[in-house]
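# Structure at a glance
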Amino acid sequence: MLSYRHAYHAGNHADLLKHYLLSRVLAYYNGKQKPYDYIDTHAGAGQYDLSGDYAQKNREYDSGFTRLLAATDLPAALAAWRDELRALLPAADTYPGSALIAAKTLPPPGKLHLYELHPADYQALQDNLRPLRLGRRLHVAQSDGFTGLIACLPPASRRAVILIDPPYEQKSDYQTTLDTLAAAYKRFPSGTYLIWYPCLPRDESRHFPAQLNQHFGDNYLRAELHVRAENGAHGMYGSGMYLINPPYTLPAELATTLPALRDLCAESADSRIILDARIP
Ligand code: SAM
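Presented here is an overview of the structure given in this document. (Residues numbered from 1 in each chain as written. Predicted model: local features only at pLDDT ≥ 70, side-chain atom pairs only at ≥ 80, totals over all residues. Heavy atoms only, no water.)

The next thing to look at is the pairing of strand β6 (residues 160-164). Burial analysis of β6 places five of its five residues in the buried class, the great majority of the element. Along β6, one buried face is formed by A160, I162 and I164 and the opposite face, lined by V161 and L163, is buried too. Pairing of β6 with strand β7 (residues 192-199), which is carried by four bridges, proceeds in the parallel orientation. Residue pairing across strands places V161 opposite T192, the latter belonging to β7. (Buried < 20%, exposed > 50% of the residue type's maximum accessible area, 1.4 Å probe, protein only. Helix = DSSP H or I, 4+ residues; strand = E, 2+ residues; numbered from the N terminus. Pairing = 2+ DSSP bridges.)

Shown next, in the form of structure tokens:
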């Protein structure tokens, strides 16, 4: 089923949470000055035109990116990330996706392995990354990212940041993510895995963080941003990021920046965050 198009959602509050954490993990890896690879199982189009028909349909970016650009009292770490994000923008009225953020952040000789099934987004991904001239460092495949991930582990560099960001439009994406992670972790237990998930009023979504914790609860970070309280009638009320082998520096930074992201993206007075971590 390929009805999902991320362009409708680009730059919304869930993208901000996801891309902020992705950027922090990449920055941490860059600080180590050792080569590493980036794997994106559901890469999307790489960048999004906010003036285009898809983004304009519901203007979801107004729930996130617009507010970030306009904010005047951000904590220093969040303001610094906003500057980084601005510097990545290929043009006005665009928003960078995970693949572009990684492609512009990953130093050589690190390789990017990107999977995207939708024919139009696969084509856009290639077009959007072409100007970066990444040559053999870039591997883009129009194939299933879950099986693609297993096939490229462990990476030759033995270090990798891995983003798993499925649409979850099919219920099976939750279980497939869990099964894929179990197999991936067996092959490559030292990578940093970032898993995005929606907070929805349905059992698969509610139970997902606990299921992740059952397997990976020895070394994890969970950050959720609820822009409003759960309300059966209103679909996605927030989103979460679950990190396996997170940078040890992240909980302290998030203790300041996650409440600021909540204040920025809140749609009602009952918005809230969840932040918990165990990092040995
Ligand atoms: N990671 C992107 C970002 O942050 O900019 C957004 C990705 S979007 C949430 C999910 C993408 O996965 C969609 O573009 C969809 O076409 C693609 N997709 C769906 N099922 C897939 C699969 N099994 N393997 C690879 N891509 C898939």
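From this point, the narrative continues.
Mapped onto the elements, G145 comes out in helix α7 (residues 145-151). Sequence separation between G145 and A43 is 102 residues, and the spatial gap between their C-alpha atoms is 8.6 Å. In this structure G145 touches T41 and Y115, once residues within four positions along its chain are discounted. (Contact = heavy atoms within 4.5 Å.)

Looking now at the site of the ligand. In the vicinity of the ligand lie 20 residues, with H19, H42, E116, D144 and D165 positioned nearest. Here a nitrogen atom of the ligand and a backbone polar atom of H42 are 2.8 Å apart. L117 is positioned with one of its backbone polar atoms (N or O) 3.3 Å from a nitrogen atom of the ligand. Computed on the free molecule, the ligand has an accessible area of 600 Å², of which 95% lies beneath the protein chains in the complex. (Near = heavy atom within 4 Å. Polar contact = N/O pair within 3.5 Å; in protein donor to acceptor, adjacent residues only side chain to side chain. Areas by Shrake-Rupley, 256 points an atom, 1.4 Å probe, with all protein chains shown as cover.)

For the rest of this paragraph, the subject is the pattern of salt bridges. All told, the structure shown has 16 salt bridges when counted by the stated rule. Its salt-bridge partner being R206, residue D203 comes within 3.2 Å of it at the nearest N-O pair. On the criterion of helical spacing, the pair formed by D203 and R206 is a turn pair, its members being three residues apart in helix α9 (residues 203-216). Taking the relative accessible area as the measure of exposure, D203 reaches 44% and is therefore partly exposed. The residue D276 makes a salt bridge to R222 at a minimum N-O spacing of 3.8 Å. Taken together, the residues D276 in strand β10 (residues 272-278) and R222 in strand β8 (residues 220-226) connect sequence positions 54 residues apart. Connected through shared salt-bridge partners, D15, K18 and D165 make up one network. (Salt bridge = Lys/Arg side-chain N within 4 Å of Asp/Glu carboxyl O.)

Our next topic: unusual backbone geometry. Cis geometry marks the peptide bond from P108 to P109; its omega dihedral reads 5°. Tracing the chain through its elements places P109 in the loop between α5 (98-105) and β4 (112-115). Following L153, the chain continues to P154 via a peptide bond in cis, the omega torsion being -5°. Looking at the element boundaries, P154 is found in the loop between α7 and β6. Positive phi is not limited to glycine here, since R59 has a value of about 45°. Secondary-structure assignment places R59 in the loop between α2 (53-58) and α3 (65-70). In this structure R59 comes out as partly exposed when scored by relative accessible area, which is 38%. In this structure, D93 takes a positive phi of about 65° despite not being glycine. Residue position: D93 is located in the loop between α4 (76-88) and β3 (94-96).

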